[in-house]
Amino acid sequence: MVSEESLILCFSNLGCDISDKSVIDKCIQLCHDYNIDEEKFVELWVAYTIPHSLDIDPTINNLIKFEKEDLEKNNKCSLDVPTQVVSNIHIDIQSNTEITGKNVLDIYSSGECPTLKQTKRARSPTAETESNNKLRAISHTFTPLNYTSQSDVPIRAPSTTVRGKVLLLFGPAIQNWKKQNEHDVSIVKADNSHIPKSALYMFEMFSNQGTILTMHCQSFGERLCYAWNAIEPPNSNIRYIRNIAPIKPVVFRTWGRLFITAEKPSGRKIVMLEGTKRLKIQKQAPILHLNLKAIKHYSVFTGQIVAVEGIITTEDTLTVNKLFVKGYAPLFDVPKISKDIKIYVAAGPFTPSDNLNYQPLWDLMERVVEDEPNMLILVGPFVEYTHPEIKKCSLKETFQDFFDTLLTKILQYLQGKSTRIILVPSNRDVHHHPVFPTPEFILNTNKLGSSTTNICSMPDPCIINVDGLHIGVTSVDVLRHLGQQEVSNTPGMDRLGRLAEHVLSQSSFYPVYPPPPGLNLDTRLWKQYACFERQPHVLILPSDVRHYCKPLNECLVLNPERLQKYICAKLCVRPMNNGKWDPNRVSCEIVKV
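The structure presented is a predicted model; accordingly, all values stated were derived computationally and were not measured.

Undergrad: If you had to explain unusual backbone geometry to someone new, which residues and values would you point to?
TA: Most of the time, phi is negative for any residue but glycine, and the peptide bond is trans. With an omega of 15°, the peptide bond between Gly380 and Pro381 qualifies as cis. Summarising the element assignment, Pro381 is placed in the loop between β11 (375-379) and α10 (388-391). With an omega of 0°, the peptide bond running from Asp460 to Pro461 counts as cis. Its place among the elements puts Pro461 in the loop between β13 (455-457) and β14 (462-466). At Asn578, a residue that is not glycine, the phi angle is positive and equals roughly 60°. In this fold, Asn578 is placed in the loop between β20 (567-573) and β21 (587-592).

Here it is, written out as C-alpha cells:
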C-alpha cells in the first residue's frame, strides 16, 4: 500500500520539495495505476528527469509527460512480452532454430520495447563455411542501454564507391593487405619510462613546478649546446654563458625556454627567452626579447627550449645571429623483424557527434576481421566527455559499463582471430583519469572474460616494442596545439612536417608549455613519462588536422586523423636490409573505412 508519508520521505531524501497536495495525489495515483511502490517510483522519476533536463521537483505537467513517455511505454512492453515470447517460440520451432541468449536478454531489457521481428532463420552449414566474415557481423546494431538514436539523424557513412579509397600512399605499394602467414608478434612496453596505473597526480606545488621546468630546461639546454658544438664549433671568441644576460655586450651562446606573447593592440607576436640561471641580486631568472630578423628561416613556439648565439643590443633585447633547436634523441636499435608486420591504426572519437552507435568503429572491425592484421592500435578518446550525448546524460548506465560494452563487442568481432589489440587511453575519456600523462586502462577481466589476453593496455604516451620495432603513441593533439602556438618564417615549407619535427627535436611527446585550456598537464609526471631518451622508429600523432605520413630524422611520423571521419591508417613494416633501419621501406595507406 502506497502511503503519502513514505512518498514524501523518499522525495525529501533526494532534496525534493513536493508540498503541493495535487502533486502528491498525482504521484500516488501513478503508483497505483502502474503497480509500483514509492521507492521504485522515485527512482524512475529521477532516471527520467536527468536525460530530459527537467527539474527534479515534480510538477503536474512534468508528471503527465513522465507517464506518457516512460510509464505507459514500459508498461506496454511488459504486457506485450508474454504473447511475443510464445509467438517467437512457435516460429523458432517451425524453422528449427534455437532461442539465443541475445534474444532472451532482449526480452528482459529495459527501455524501449524490443522488436522481436529480428528472429532470423538458421544459416546453413554451407553458408557458414563460405562466409565466416559475414557470420561475425551478425550482431545487431550497437545501441547503448536505454539510449535511442534520433530517427532524423543523417547517415554519414561513405558510399560504397568511396569505401576503401586510398587518401594517401607512402612507400612501396601493397597489393594485398590480407593475412598471408601465421606470425605471432611479441608486444611489450619499451624500456622508456611509462606512467604506472597507481600514479598520483595534481598534488604539485607551484614552486615545485617551477623547479621541475627549470631543471629540465637546464639539462636539455646543455644537451643542445653540446650537440651544436659537435656540429658547428663556435668561434674562439665566443663562449657559452649560463646567464642569458651577460654584463659585457659581447657575442655569446646560451640557452633558455621560449614564451610568446601578443602585443596590444596590434597583435604582433613577441618572442621572449627565459634563462635558467639568475644572479643573487635577482628574484627571478632573466627574460630577454628576441630579435630574430637576422635569421633567414625559423619556427618557434611557446615552451620550446633553444640554444642561441647573439649579442645584447639593448638592455632587454637579444639580437640573434644563430638559432639551434636540434636536440634529437638517439634512435632505438634496429628492429629484428623476420616477417612483414601489418598494423591498423585508428584514433577516436569513434562515433559521430550526433549519436552513440559507433558505426565507424564497427565498419573498421569488419575490415579488420577480413584482413586480420597482426596488430590493431586504437587510440582514445573512446567515450569523449565533450560528446553532446554524453553531456546530456543520455546513458542510463555508468560510463565504465558503457566502455566495457564497447570492448566486449570488439572482442566478439576478433574471436578466433590472431590480431592483437593495443588500447591507448585519452585524458578526454569520461570514464578515465583526466590528466596527462594518462595511466593505462584497467580491464575488467570478470566482465570481459579470458579474451582480455588478446588486449594490450598501454598508457598515454607510450612506446610499444613489437619484435624490436618501437612505436611511439600519444592521444593528445600535439600537432594542433603546436600550430596554434607557432611563430615561423618558413614560407612554402611542409607545415605539418615542421610541426612534427618539433616533437622529435625536443625529445618530448608534448613540448608545448603552458598547455592550452582543457589539457590537465601534471608537470612532474610530464618530466618523468612524456619525454623520451631514445627516438622511436614510428611515431603516431593523431590530430584533427589533415592526415599525414612522412619520414623525419629517420622516424616515420603518422597522423591517421579521426575514425569519426571514417579515416584510418594501415602500415606494413618489412624486415630490414643490411641491418639498418630505413623508414622508406615501410608502406602506409591512409584510407576511407
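Undergrad: Residue-level account of the nonpolar core, with values.
TA: In a soluble, globular protein the nonpolar side chains are often hidden away together inside. Ranked by internal contacts, the top residues of the largest apolar core, which has 37 residues, are Tyr358, Leu364 and Leu378. When contributions to this core are tallied by element, the ones reaching two or more residues are β10 (341-347), α9 (359-371), β11, α11 (399-413), β12 (420-424) and β20. Here this core takes seven residues from α11, the largest share from any one element. For Leu364, the contacting residues outside a window of four places in its chain are Ala346, Leu376, Leu378, Leu563, Cys568 and Val593. Listed in part, the 35 residues of the second largest apolar core include Ile343, Met458, Val466 and Ile540.

Undergrad: Could you give an account of the pairing of strand β9 (residues 317-324), with specific residues and numbers?
TA: As judged from the three bridges shared by strand β6 (residues 287-291) and β9, these two strands associate in the parallel manner. The residue of β9 that forms the bridge with His289 is Thr317. Bridge count for strand β8 (residues 305-314) against β9 is seven bridges, and the pairing is antiparallel. Looking across to β9, one finds that Thr314 is bridged to Thr317.

Undergrad: Please give an account of the pattern of salt bridges that cites residues and values.
TA: By the definition in use, this model includes 31 salt bridges. Taking the shortest distance from any N to any O, the salt bridge between Glu4 and Lys21 comes out at 2.9 Å. Here the residue Glu4 occupies a position in helix α1 (residues 4-12), and Lys21 occupies one in helix α2 (residues 21-33), the gap between them amounting to 17 residues. Here Glu4 falls in the partly exposed class, since its relative accessible area comes to 28%. Asp25 serves as the salt-bridge partner of Lys21, at 3.6 Å between the closest nitrogen and oxygen. With a gap of four residues between them, Lys21 and Asp25 both fall in helix α2, about one helical turn apart. Judged by its relative accessible area of 44%, Lys21 is partly exposed.

Each value, and the rule that gives it
- Residues numbered from 1 in each chain as written.
- Predicted model: local features only at pLDDT ≥ 70, side-chain atom pairs only at ≥ 80, totals over all residues.
- Heavy atoms only, no water.
- Helix = DSSP H or I, 4+ residues; strand = E, 2+ residues; numbered from the N terminus.
- Core = buried A, V, L, I, M, F, W, Y, C linked by side-chain atoms within 4.5 Å.
- Buried < 20%, exposed > 50% of the residue type's maximum accessible area, 1.4 Å probe, protein only.
- Contact = heavy atoms within 4.5 Å.
- Pairing = 2+ DSSP bridges.
- Salt bridge = Lys/Arg side-chain N within 4 Å of Asp/Glu carboxyl O.

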